[in-house]
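Residues per chain are reported as follows:
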Amino acid sequence: QIPKDPAQRQLREFAALSRQLQQVHPNVLAKILKQGTVYQNEEIVVINKPYGLPVHGGPGIKNCIADVLPILAKMLENMRAEPLHLCHRLDKETTGVMVLARSKETAEKIRLLFKTRQVEKIYWAIVLGDPDPAEGIVEIPIVEKEVRSHQSHYKMTLAPNYRLCPEDGKVVKTRKNRSAESAVTRYRRLAGASACSLLELQPITGVKHQIRVHLAYGLGCPILGDHKYSHWSKLAPQKLPELTLRRLKLQQSKARHLPLYLHAHRLRLPLGQPIDLVCKPPRFFQKTLRKLELDIAKD
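Just so it is clear, the structure is predicted and the values come from calculations on it, not from any experiment.

(A) Just helix H7 (residues 283–291), in detail. Of the residues making up H7, those classed as buried are Phe284, Phe285, Thr288 and Leu289. An end-on view of H7 places all buried positions within 140° of arc, on one side of the element. For H7, exposure combined with an orientation more than 90 degrees from the buried face picks out Arg283 and Arg290. Positioned one or two residues after H7, glutamate 293 has a phi angle of 60°, which is positive.

(B) The arrangement of the packing of aromatic side chains in detail. Using the criterion set out here, one finds four aromatic pairs in the structure. Here the aromatic rings of tyrosine 217 and tyrosine 229 are separated by 6.0 Å at their centres, their planes lie at 75°, and the arrangement is edge-to-face. Taken together, the residues span a long stretch of sequence, with tyrosine 217 in helix H5 (residues 210–218) and tyrosine 229 in the loop between H5 and helix H6 (242–248) at a distance of 12 residues. For tyrosine 229, a relative accessible area of 1% puts it in the buried group. A connected cluster of aromatic rings, assembled from ring pairs, spans Tyr51, Tyr261, Phe284 and Phe285.

(C) Structural detail: the domain arrangement of the protein chain. By domain assignment, the protein chain separates into domain 1 (1–116) and domain 2 (120–143 + 181–294). Centre-to-centre separation of domain 1 and domain 2, based on C-alpha positions: 21 Å. Across the contact, 28 residues belong to domain 1 and 31 residues belong to domain 2. Interface area for domain 1 against domain 2, summed over the two sides, is near 2,300 Å², with a carbon-plus-sulfur share of 71%. The largest share of the area that domain 1 buries against domain 2 comes from Gln10, Leu11 and Val97, three residues that together contribute 24% of it. Applying the counting criterion to the domain 1 and domain 2 interface returns one salt bridge. In this structure, aspartate 91 engages arginine 212 in a salt bridge whose closest nitrogen and oxygen atoms are separated by 3.7 Å. Our enumeration of links across domain 1 and domain 2 arrives at five residue pairs in polar contact (both at pLDDT 80 or more). Sorting the residues of the side of domain 1 that touches domain 2 by element identifies helix H1 (6–23), strand E1 (37–40), strand E2 (44–49), strand E4 (95–101) and helix H4 (104–115) as the ones contributing at least two each.

(D) Representation of the pattern of salt bridges. Summed over the entire model, instances satisfying the criterion amount to 12 salt bridges. Between glutamate 108 and arginine 111 there is a salt bridge, and its shortest N-O distance comes to 3.0 Å. Remark: arginine 111 and glutamate 108 occur in helix H4; sequence separation between them is three residues, near one turn of the helix. For glutamate 108, a relative accessible area of 48% translates into the label partly exposed. Where arginine 189 meets aspartate 130, a salt bridge forms, and the shortest distance between an N and an O atom there is 2.6 Å. Of the two residues, arginine 189 sits in strand E11 (residues 184–193) while aspartate 130 sits in the loop between strand E5 (120–128) and strand E6 (135–139), which places them 59 residues apart along the sequence.

(E) Structural context of H4. Compared with the 16 Å implied by 1.5 Å per residue over 12 residues, the 16 Å span of H4 between its first and last C-alpha is a close match. Buried positions along H4 lie against E2, strand E3 (85–86), E4, E5 and strand E13 (262–271). Positive phi appears at arginine 117, one or two residues downstream of H4, with a value of about 60°.

(F) Spotlight on the nonpolar core. Ranked by size, the top nonpolar core spans 66 residues in total, and within it Ile65, Ile126, Leu201, Leu215, Ile223 and Leu294 carry the most contacts. In this structure, this core is formed jointly by two domains, domain 1 (1–116) and domain 2 (120–143 + 181–294), each of which donates at least three residues. The contacts of leucine 294, once residues within four sequence positions are left out, are Ile126, Ala191, Gly192, Ala193, Cys196, Ser197, Leu198 and Leu289. Counting 17 residues, the second largest nonpolar core, distinct from the first, contains Val99, Ile110, Val119 and Cys279.

(G) Broad picture of unusual backbone geometry. For the peptide bond that leads from aspartate 132 to proline 133, omega is 0°, which places it in the cis range. Note on placement: proline 133 falls in the loop between E5 and E6. A positive phi angle is found at lysine 249, which is not glycine, with a value near 55°. With respect to the helices and strands, lysine 249 occurs in the loop between H6 and E13.

(H) Expanded view of a nonpolar patch on the surface. Where nonpolar side chains cluster on the molecular surface, the patch consists of Tyr162, Leu164 and Val171 and spans about 350 Å² of accessible area. Residue placement: tyrosine 162 occurs in strand E9 (residues 162–164).

(I) Fine view of the packing of helix H2 (residues 26–35) against helix H3 (residues 65–76). Interhelical geometry of H2 versus H3 gives an angle of 70° and a closest axis separation of 8 Å. Of the possible angle classes, the one that applies to H2 and H3 is roughly perpendicular. The two elements H2 and H3 cross, and the hand of that crossing is right-handed. Across the interface between the two elements, Pro26, Asn27, Leu29, Ala30, Lys31, Leu33 and Lys34 from H2 touch Ile65, Val68, Ile71, Leu72, Met75 and Leu76 from H3.

What counts as what
- Residues numbered from 1 in each chain as written.
- Predicted model: local features only at pLDDT ≥ 70, side-chain atom pairs only at ≥ 80, totals over all residues.
- Heavy atoms only, no water.
- Buried < 20%, exposed > 50% of the residue type's maximum accessible area, 1.4 Å probe, protein only.
- Helix = DSSP H or I, 4+ residues; strand = E, 2+ residues; numbered from the N terminus.
- Arc of directions from axis to C-beta.
- Phe/Tyr/Trp six-rings, centres within 6.5 Å; stacked < 30°, edge-to-face > 60°.
- Domains from an automatic or database assignment.
- Contact = heavy atoms within 4.5 Å.
- Buried area = accessible area lost by both parts, 1.4 Å probe.
- Salt bridge = Lys/Arg side-chain N within 4 Å of Asp/Glu carboxyl O.
- Polar contact = N/O pair within 3.5 Å; in protein donor to acceptor, adjacent residues only side chain to side chain.
- Expected span 1.5 Å × (residues − 1).
- Core = buried A, V, L, I, M, F, W, Y, C linked by side-chain atoms within 4.5 Å.
- Patch = residues over 30% accessible without salt bridge, like charges linked within 9 Å, V, L, I, M, F, W, Y side chains within 5 Å.
- Areas by Shrake-Rupley, 256 points an atom, 1.4 Å probe, with all protein chains shown as cover.
- Axes fitted to C-alpha atoms, helices over the stretch in contact; angles between N-to-C directions.
- Parallel < 35°, antiparallel > 145°, perpendicular 65-115°, else oblique.
- Left-handed = near helix turned anticlockwise from the far one by under 90°.

So, in structure tokens, the structure goes:
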């Protein structure tokens, strides 16, 4: 049955949309990506990646971006176009700027730019709470660990190089975790309301789930809809503040259906002339910004 409540209806549609992307014919998926093209020249094609669509295949994944690149190339160019190439990746739940290369050489060149941190990446995220201070840099190494609970699972987590000594409260250096990767994220609060904030994020490094882990465990401000990193020891839906639930017209019992509010907003690519690529957040993201009254000055 269709829920009467509009907020629940939107969440239901959302979950359905993610499932539909897995059911559609590859040609239809390529067409959706083509409609989301924001920029192209003779070297690259830039798409606005939809929510819930994985970049790579894997167990249980029928459709992914990598698989439809040959079809997309033909739709954009002509029947003889060579397949497009992936240059970087975004998580399945992340939306926004994604760069595809028209040739292997260009893809290699762009991958190197990402690897050597010459690409400036700006993300937007709606988070719970207020970061303190309102802008700064989180620089804490990240490591993957097994969480031992009634449902054992793996998660990325912080591996700080310092800790507080319980005896005298002094900061002491700890032994470095050999498998931890160094991770640096700049953040700045753009707006705050309804017990939430809109943050602008610039990951300087590119560790798996870096933004999510730094926000949840480093700043104590998990991303809205990030059920994985809102608790450490269990897999459970995110607990939302009363005010947030009220503004979203949502019951806590339905919070598990909330999507992840993380959007790759802007990318500056130094290919000859630097190219500035911007993608507006998807409709569901904009709608939630309005409901939470997170108004930002137009940039």
